[in-house]
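Tertiary structure, described
The chain contents come next:
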Amino acid sequence: MSKMKVTSGMRPTGDIHLGNLLGALDNWVSLQDEYDCYFFIVDWHSLTTPGGNGAVGYENVESLKANVLSMAIDWMAAGLDPERSSIFVQSHVPEVAELHLIFSMVTPLGWLERNPTYKEMVSSYAIESPSYGLLGYPTLQAADILVYRGDYVPVGKDQEAHVNMTRDLALRFNNLYGKDLFPVTEALLTEVAKVPGLDSVDRKMSKSAGNHIALSLSEEQTADKIKSMFTDPVKIRKDDPGHPDGCVVYAFHQIYNKDLTGTIRAECEKGARGCVDCKRQLAESMNRALRPIRQKRKELESNPERVWDILAEGAARARKVASGTLREVRETMNLPERRNNHG
Ligand code: TRP
């Protein structure tokens, strides 16, 4: 029996941070053993918003290519393995664009207009004039997934609506043309670590909020970020009793010093642990955990040509699958076959 397929993508936002690593990548890495995996950097999706303020968008493409490269490096440094998984750039598989066009004909406008993520993006990026492409974001995402006939999509809760729409679109297509061409895709909402921002345990770590720790930082820079973490505001002196539950440093001890949290909590609560030492201890553990990733990152960074080659190989593998799907789609829809034309 052939393996079930897993597909997922990330927008090339630049450096990957601990939130991406613990919230998604570590999970992707472990899925590689069991599934046939397709992981792609969605450069087209990054053009659905205008960008600005350092973020890539259709008005701001300067760092797009560099962001794609650095994301590929981060992915592989974190353990995505190009021998086992297909790792590539979305736009290197033009079949995705063709499937997106076909899907756009059968996607009811109402589905797109009701999509909660659309409304959120328009308001959170303060987009004055949302584009056709932004409205069609989930249709492009469905094409990303279904062109490889992805069974499972490991994503966070915020992407659930998109995956549900992918499934609805697959069913709609299958019904319209009387053929089980696409699988009934499901989100894999795995329990993953919730990673707080440096500024509050109640805020998510994110690049746009600027409260993140990038994998690309040095050990010293990491220690500096940890020094800036929000701690208990009423613990002023070293021997004041503290309140670990609202403290960002403690939240990270729960990730990086799991076995010591009992002691750390007790010491903090009875005033036997100062914040400076507590942060130093966290910096050591976090840096130790990130060391192998950072080393691999350096190696890959020194050889960008090799990284682009790996991405090209990944795209070639993905295109084989994608072009097979498109051939079936065209046939099913009675589009005239392409003579003397491969693909
Ligand atoms: N929309 C996803 C996000 O913002 C990125 C994405 C694009 C994606 N295409 C995908 C995720 C296909 C999973 C599968 O995170």
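Look a little higher up for the structure.
Residues numbered from 1 in each chain as written. Predicted model: local features only at pLDDT ≥ 70, side-chain atom pairs only at ≥ 80, totals over all residues. Heavy atoms only, no water.

So, about the pairing of strand β2 (residues 36-41). With five of six residues buried, β2 lies mostly within the body of the structure. Where strand β1 (residues 5-10) lies against β2, six bridges are found, and the strand directions are parallel. The residue of β2 that forms the bridge with T7 is Y38. Of the crossover connections in this fold, the one passing from β1 over helix α1 (residues 18-31) to the parallel β2 is right-handed. Two strands pair when backbone bridges link them, and β2 and strand β3 (residues 86-89) are joined in this way by four bridges, in the parallel orientation. Paired with F40 across the strands is F88, a residue of β3. Since β2 and β3 lie parallel, the crossover through helix α2 (residues 64-77) that links them has a hand, and here it is right-handed. (Buried < 20%, exposed > 50% of the residue type's maximum accessible area, 1.4 Å probe, protein only. Helix = DSSP H or I, 4+ residues; strand = E, 2+ residues; numbered from the N terminus. Pairing = 2+ DSSP bridges. Right-handed = clockwise from strand over helix to strand, strands pointing away.)

Next up on the list: the pairing of strand β7 (residues 200-204). A regular strand carries its side chains on alternate faces of the sheet. Judged from the two bridges that link them, strand β6 (residues 196-197) and β7 form a sheet pairing that is antiparallel. In the sheet register, P196 faces β7, and the bridge partner there is K204.

Right, let's talk about the pattern of salt bridges for a bit. When charged atoms on two side chains of opposite charge get close, those side chains can pair. Evaluation of the coordinates by the stated rule reveals 21 salt bridges. For R319, the salt bridge is made with E95, and the minimal N-O distance between the two is 3.0 Å. With R319 in helix α13 (residues 304-332) and E95 in helix α3 (residues 95-106), this residue pair connects regions lying 224 residues apart in the sequence. Take E95: its relative accessible area is 6%, and that puts it in the buried class. The salt bridge partner of R149 is E328, with a shortest N-O separation of 2.9 Å. Of the two residues, R149 is situated in the loop between α7 (137-146) and β4 (152-154) and E328 in helix α13; the sequence distance between them amounts to 179 residues. Sharing partners across several salt bridges, the network here consists of D15, D74, R297 and E301. (Salt bridge = Lys/Arg side-chain N within 4 Å of Asp/Glu carboxyl O.)

This part covers empty space enclosed by the protein. With a probe scaled to a water molecule rolled over the atoms, the places where space remains empty come into view. One pass over the structure, following the stated rule, counts two cavities of 30 Å³ or more. Lining the largest cavity are 15 residues, and of these K235, C247, C268, C275 and C278 sit closest to its centre. Elements supplying a minimum of two residues to the lining of the largest cavity: α10 (248-256), α11 (261-269) and α12 (275-301). For the lining of the largest cavity, the element with the most residues is α12, which contributes three residues. Across the lining of the largest cavity, the residue classes break down as eight nonpolar, three polar and four charged. Of the volumes computed, that of the second largest cavity is approximately 40 Å³. Along the walls of the second largest cavity sit P82, S85, I87, I310, E313, G314 and R317, which together make up its complete lining. Element by element, the count of residues in the lining of the second largest cavity is highest for α13, at four residues. Each residue belonging to the lining of the second largest cavity can be placed in one class, and the counts come to three nonpolar, two polar and two charged. (1 Å grid on protein atoms, 1.4 Å probe; cavity = no way out; pocket = protein on both sides within 12 Å on 5 of 7 lines; lining within 4 Å. Points joined across faces, edges and corners; volume = space filled by probe spheres on them. Nonpolar A, V, L, I, M, F, W, Y, C, P; charged D, E, K, R; others polar.)

This is a description of form; function is not addressed.
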